[in-house]
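# Survey of secondary and tertiary structure
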Amino acid sequence: MAFDNAAFKRHFPLFEHAENTRLVYLDNAATTQRPSCVIEALTDFYSRYNANTHRSSHRLARAATAMVERVRQATAEFVNASDRDEIIFTRGATEALNLLAQSLARTLEPGDQVLLSAAEHHANLVPWQMAAEQFGLELCFLPDHNGEPQLERLPEFLNGRLRVVALSAASNALGFRIPVERVKNLLPECCRLVVDASQILAHQRVDVQAMGCDFLVGSAHKFYGPTGVGLLYGRREALSALPPWQGGGEMIRQVRLQSSDYAEAPHRFEAGTSALAAIAGLGAALEFLEGQDRKAMATYESHLNRYLHTELEALCLKRPLQLLTRFENNVGIAALVPSPQCKLAASDIADWLDEHDIAVRVGHHCAQPLMESLGQSGSLRISLAAYNNREDVDRLLQALSVMPLDEDVESAAPSTVEGWVGDDLSALSLQELSSQSSWQKRYRQLTRWATQLSRKPAIRVPEHQVHGCESEVWLVHRVEADRHRFAIDTDSRVIQGLSILVLLLIDNRTRRDIEALDLEATFAELGLEKYLSPSRSNGFRALLDQALALVRASSRD
Ligand code: PMP
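Keep in mind that this is a model prediction, so the values were computed, not measured. Numbers given to residues run from 1 along each chain, matching the order in which its sequence is written. Where totals are concerned, whole chains, interfaces and linings use all residues; where local detail is concerned, this predicted model gives features only for residues with pLDDT of at least 70, and gives and counts side-chain atom pairs only at 80 or more. Calculated side-chain values reflect all of the structure's heavy atoms, with hydrogen atoms and water omitted.

We now examine the side chain of Glu301. Along the chain, the position of Glu301 falls in helix α9 (residues 294-318). Contact definition: two residues touch when any of their heavy atoms are within 4.5 Å. Contacts of Glu301, omitting those with residues within four sequence positions, involve Ala202, His203 and Ala386. Numbered from the N terminus, helices here are DSSP runs of H or I no shorter than four residues, and strands are runs of E no shorter than two.

Shown next as structure tokens:
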């Protein structure tokens, strides 16, 4: 039977909310929306049987305990584990990977090797780096081709010290699937295979036994469940060989003053009180997914993904954009970057889409090494779920095709890194911005101002880069006759506008004048914190903080 997208979408109340009827949500790789049954399961837990599990003998505690164990069973069936005790509830994939890195590392010897790929989400990289540092392990990386790990090169790493291979089944940044089921047969008995399934659980059936993995992790919020709960599958023998990671209540058999004996899995790995309502929500999400024809759903998603990629490829021939992803073997993620001649940064494009109520994500997507290997600092990521449809893709394409990309940017004044020339903003005033009657108008004013910021290639050096800004921004400063002078450069249209604001506030003033400014009051008046996206607002703060730090550090006035 064909998948009924309209009926599926009706399960998600967010899309019916008055604020969201025009929303096109294409940020599903970050988190999916929740169906009403999941939202109801959370309320139901709190309003009907909220109690802590295991530790009490009353009726509510028994109901809560039974629910958790029922969901454990359902989770085991969801990934085809052979036993529910092979399922551990964590806070999410990140916590599950930290648990594995810390627990597995305790079973290894210094010099043992862990093999990863450069395409991993930071959650499957940083915990291993930490464990490697603590336990003297060596991290190795599969070679890649255009960012995709080359599994066929894995035998080159079988040198007797390889103990763990940890790979994601699909890249969260570029969407390509990695055939992890081919790995286990290549590995010796003593080597554990960890699969990060975060990006596949919403899109395909997962069978841990067919995959042959020892461990598998995922986060419920990426497959229509709540935040705050994730799953860790561990093959029974692999789990029973693992020491616990976190200590606390419920994970013990007996506690003495100097030492303790630990409970069996799964409880050995679930110290403290779990996110019980979230587990109830996970149960509802699993039931919801089981109620779908997963095969038809996957076919539907695949057709939509093909349409998205085909149309984006055609668009890239007409607009200065470049598509980094391919449709083949992809879970539903497209990544775009502005081509070199494009005058907008990816973040400006995302802002443009946001203005059209189209939600995408921009940045390095917690996959910095992958982005760097492609020579990119980030991308604009479009990620699909089964409630998306062709209309959503068409709205995206339409917005991208009318986006004003070609406005002239004033040409750069020639300068060197020391002899930089700042921008002459004497024709602009803060008044222009504050007199606008709405935030939308102020935002437009900022983007109009953006063109007044000239390009200054000479100052684009690492020592002048502003840290903490999602977009690349460079800031230079000097003192001229007691006045603090600044110049800023960035490719992001919105940050260019915000840079003008910074300059209007503090450029060409004395330290005393700058210190007398009530910047918080000015921001509150402009509504900056309220309306800018958190990443923009953090970037703006980082820029301003760095400028103020330069003023403080300067001893010339
Ligand atoms: N791995 C992958 C591949 C992911 O996409 C994500 C989330 N973006 C994570 C791990 C971490 O998931 P969480 O933040 O839910 O712990």
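Once you've had a look at it, read on.
Here the second largest pocket is characterised by a volume of approximately 360 Å³. Of the grid points, spaced at 1 Å and generated over the protein atoms alone, those admitting a 1.4 Å probe that cannot get out make up cavities, while open sets with protein on both sides within 12 Å along at least five of seven lines make up pockets; any residue with an atom within 4 Å of a point is treated as lining. Taken together, 17 residues make up the lining of the second largest pocket; nearest its centre are Arg70, Val71, Gly283, Ala284 and Glu287. In terms of residues, the lining of the second largest pocket owes the most to one element, helix α3 (residues 59-78), which gives 7 residues. Grid points are joined across faces, edges and corners, and a volume is the space filled by probe spheres set on the points.

All right, on to the site of the ligand then. Close contacts around the ligand come from Gly92, Ala93, Thr94, His121, Ala123, Asn172, Asp196, Ser198, Gln199, Ser219, His221 and Lys222, and that covers them all. Residues adjacent in sequence count toward polar contacts only when both atoms are side-chain atoms; beyond that, a polar contact is any pair of N or O atoms within 3.5 Å, and within protein one must be able to donate a hydrogen and the other to accept it. Measuring from a nitrogen atom of the ligand, one finds a side-chain N or O atom of His121 at 3.2 Å. Here a nitrogen atom of the ligand sits 2.5 Å away from a polar atom, N or O, in the side chain of Asp196. To be clear on the numbers: accessible area is Shrake-Rupley with a 1.4 Å probe, and residue cover counts the displayed protein chains and nothing else. A total of 400 Å² of accessible area belongs to the ligand in isolation, and the protein chains cover 84% of it. We define proximity as follows: a residue is near a molecule or strand when any one of its heavy atoms falls within 4 Å of that partner.

The set of buried Ala, Val, Leu, Ile, Met, Phe, Trp, Tyr and Cys residues whose side-chain atoms join them within 4.5 Å is what this entry labels a nonpolar core. Buried means the residue's accessible area, taken with a 1.4 Å probe over protein chains only, is under 20% of the maximum for its type, while exposed means over 50%, and partly exposed covers the values in between. Leu216, Tyr224 and Leu312 are the most contacted members of the largest nonpolar core, which totals 109 residues. Segmentation into domains, and thus their bounds, comes from an automatic or database assignment. When we break this core down by domain, the ones giving at least three residues each are domain 1 (5-30 + 293-402) and domain 2 (37-290). Listed in part, the 37 residues of the second largest apolar core include Leu425, Trp439, Leu503 and Leu544.

Okay, the pairing of strand β9 (residues 215-219) next. Successive residues of a regular strand alternate their side chains across the two faces of the sheet. With 5 of 5 residues buried, β9 is to be regarded as a mostly interior element. Of the two faces of β9, both are covered, the one formed by Phe215, Val217 and Ser219 as well as the one formed by Leu216 and Gly218. What makes two strands pair is DSSP finding at least two bridges between them. For strand β8 (residues 192-196) and β9, the ladder comprises 3 bridges, and the chain directions are parallel. Bridge pairing links Val194 to Phe215 in β9.

For the chain, the assigned domains are domain 1 (5-30 + 293-402), domain 2 (37-290) and domain 3 (430-556). Distance from the C-alpha centre of domain 1 to the C-alpha centre of domain 2: 28 Å. On the domain 2 side, the residues contacting the 33 residues of domain 1 number 32 residues. Counting each side, the surface lost to burial between domain 1 and domain 2 is near 2,600 Å², with a carbon and sulfur contribution of 57%. Here the quantity called buried area is the total loss of accessible area, with a 1.4 Å probe, experienced by two parts when brought into contact, counted for both. Considering only the surface of domain 1 that becomes buried against domain 2, Arg294, Val331 and Leu370 emerge as the three largest contributors, covering 30% of it.

The next thing to look at is empty space enclosed by the protein. Applying the stated criterion to the full structure yields 3 cavities of 30 Å³ or more. Estimated volume of the largest cavity: approximately 110 Å³. Listed by contribution, the elements that provide at least two residues to the lining of the largest cavity are α3 and α8 (276-290). Here the residues of the lining of the largest cavity are counted per class, giving 4 nonpolar, 7 polar and 4 charged. Taken as a whole, the second largest cavity holds about 70 Å³ of empty space. When residues are grouped by polarity, Ala, Val, Leu, Ile, Met, Phe, Trp, Tyr, Cys and Pro land in nonpolar, Asp, Glu, Lys and Arg in charged, and all others, Gly among them, in polar. Considering only residue class, the lining of the second largest cavity consists of 7 nonpolar, 7 polar and 1 charged.

Once that is clear, we can look at the confidence of the model for the chain. Summing up the model confidence of the chain, the mean pLDDT is 92 and the portion of residues at 70 or higher is 97%. In this model, residues 408-414 is a region of pLDDT below 50 whose contacts with residues beyond four sequence positions or in other chains number 17 contacts. Confidence of the predictor at the level of single residues is given by pLDDT, which spans 0 to 100.

Below, the discussion takes up the pattern of salt bridges. Salt bridge criterion: a side-chain nitrogen from Lys or Arg within 4 Å of a carboxyl oxygen from Asp or Glu. In this structure the tally under the stated criterion is 28 salt bridges. The salt bridge partner of Arg381 is Asp27, with a shortest N-O separation of 3.7 Å. Here Arg381 is found in strand β17 (residues 379-383), whereas its partner Asp27 is found in the loop between β1 (24-25) and α2 (36-48), with 354 residues between them in sequence. Given a relative accessible area of 3%, Arg381 falls into the buried group. Between Glu264 and Arg253 there is a salt bridge, with the nearest N and O atoms lying 3.0 Å from each other. Of this pair, Glu264 sits in the loop between β12 (260-262) and α8 while Arg253 sits in strand β11 (residues 252-255), placing them 11 residues apart in sequence. We classify Arg253 as exposed; its relative accessible area is 55%.

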